[in-house]
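What follows is each chain in one-letter form.
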Amino acid sequence: MREDSEAESADRRLAARLASLRAEHGWSLDELSGLTGLSRSTLSRVERGELSPTAASLGRLCAAYGRTMSRLLMEVEAEPPLLVPAGDQQVWYDASVGFTRRSVSPPHPGLRGEIVEGTLDPGATISYENPPVPGMEQHLWVREGVVGITVDGTTHTLGAGDCLRFRLRGPSRFHCPGPERTRYVLIIVMP
C-alpha cells in the first residue's frame, strides 16, 4: 500500500512538473500539441494527473522541452543523493508496450552522465521521434537477450555483451524480438 501511495505521489509531481514546464515556455495546450503530435485532451489529462504518459508520449514531451526522460523524472524527485541504493532507484513501467526503466544513476546537478537500466518484454517496441537533446552521447550495453536498435536509419542487432555507441540526432527505435526479454544498460552523456 505504501508503494502505491508513493507511485501516486510521483505521478502527481510529474503531472505538476509537466504543467509548469509548459507554463515556463509560455505554450498553450494547442501549441504543445503541435510540437509533440499529442492531442490537446491527452496533454490536459496528463497535466492534471488523470492519465499517466506512455514511454512514447513522455519521449515526445521530453523532446519538446529539451530534456532526457531521466532528467525530467529527476526534476520531480527531492534532492538526489550521491549514493543511490538499489531500493531507492526510481522504476517506471509502461505496461502498454512492456518496457521497464530503472534510473540507476539519475541526473545530478554538475554531472553530465546518467545510467539507466531498460528491460523490454518479448515483442516490445519503443520509438522516439526526436532526441530530447540533439547530439547527446549514448552507450548501450546489452546484459541479457537480443535487441534491435535503429539510429540514423540503420538497425543494429545486439546480443548479450554487445555495446553500441552513438550520438543521438534523430529518431530512434528499440525492439526486443524475443523469445526472451532484453535487459540493457544505457549510459547517457549530455553534450
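Use the structure listed above.
Everything in this summary refers to the structure shown in the same document.

Parameters at a glance
Residues numbered from 1 in each chain as written. Predicted model: local features only at pLDDT ≥ 70, side-chain atom pairs only at ≥ 80, totals over all residues. Heavy atoms only, no water. Helix = DSSP H or I, 4+ residues; strand = E, 2+ residues; numbered from the N terminus. Buried < 20%, exposed > 50% of the residue type's maximum accessible area, 1.4 Å probe, protein only. Contact = heavy atoms within 4.5 Å. Arc of directions from axis to C-beta. Axes fitted to C-alpha atoms, helices over the stretch in contact; angles between N-to-C directions. Parallel < 35°, antiparallel > 145°, perpendicular 65-115°, else oblique. Nonpolar A, V, L, I, M, F, W, Y, C, P; charged D, E, K, R; others polar.

Thoughts on the overall build of the protein
Here is step 1 of the chain: Counting its regular elements, the protein contains 5 helices and 10 strands.
Here is step 2 of the chain: In terms of its C-alpha atoms, the protein occupies a principal-axis envelope of roughly 45 × 35 × 35 Å.
Here is step 3 of the chain: Here the protein holds 191 residues, and 44% of them are scored as buried.
Here is step 4 of the chain: Considering only intrachain contacts with a sequence separation of at least 6, the fraction spanning at least 24 residues in the protein is 64%.

Points about helix 3 (residues 40-47)
Here is step 1 of the chain: All of the buried residues in helix 3 are Leu-43, Ser-44, Val-46 and Glu-47. Projected onto a plane normal to the axis of helix 3, the buried residues spread over an arc of 160° and lie on a single side.
Here is step 2 of the chain: Remark: Gly-49 follows helix 3 within two positions and exhibits a positive phi of approximately 80°.

Quick notes on the packing of helix 2 (residues 29-36) against helix 3
Here is step 1 of the chain: It is at 9 Å that the axes of helix 2 and helix 3 come closest, and there the two elements cross at 110°. Viewed along their axes, helix 2 and helix 3 adopt a mutual orientation that is roughly perpendicular. Of the residues in helix 3, those in contact with Leu-29, Asp-30, Leu-32, Ser-33 and Thr-36 of helix 2 are Arg-40, Leu-43, Ser-44 and Glu-47.
Here is step 2 of the chain: Residues belonging to the contact of helix 2 with helix 3 are distributed by class as follows: 3 nonpolar, 3 polar and 3 charged.

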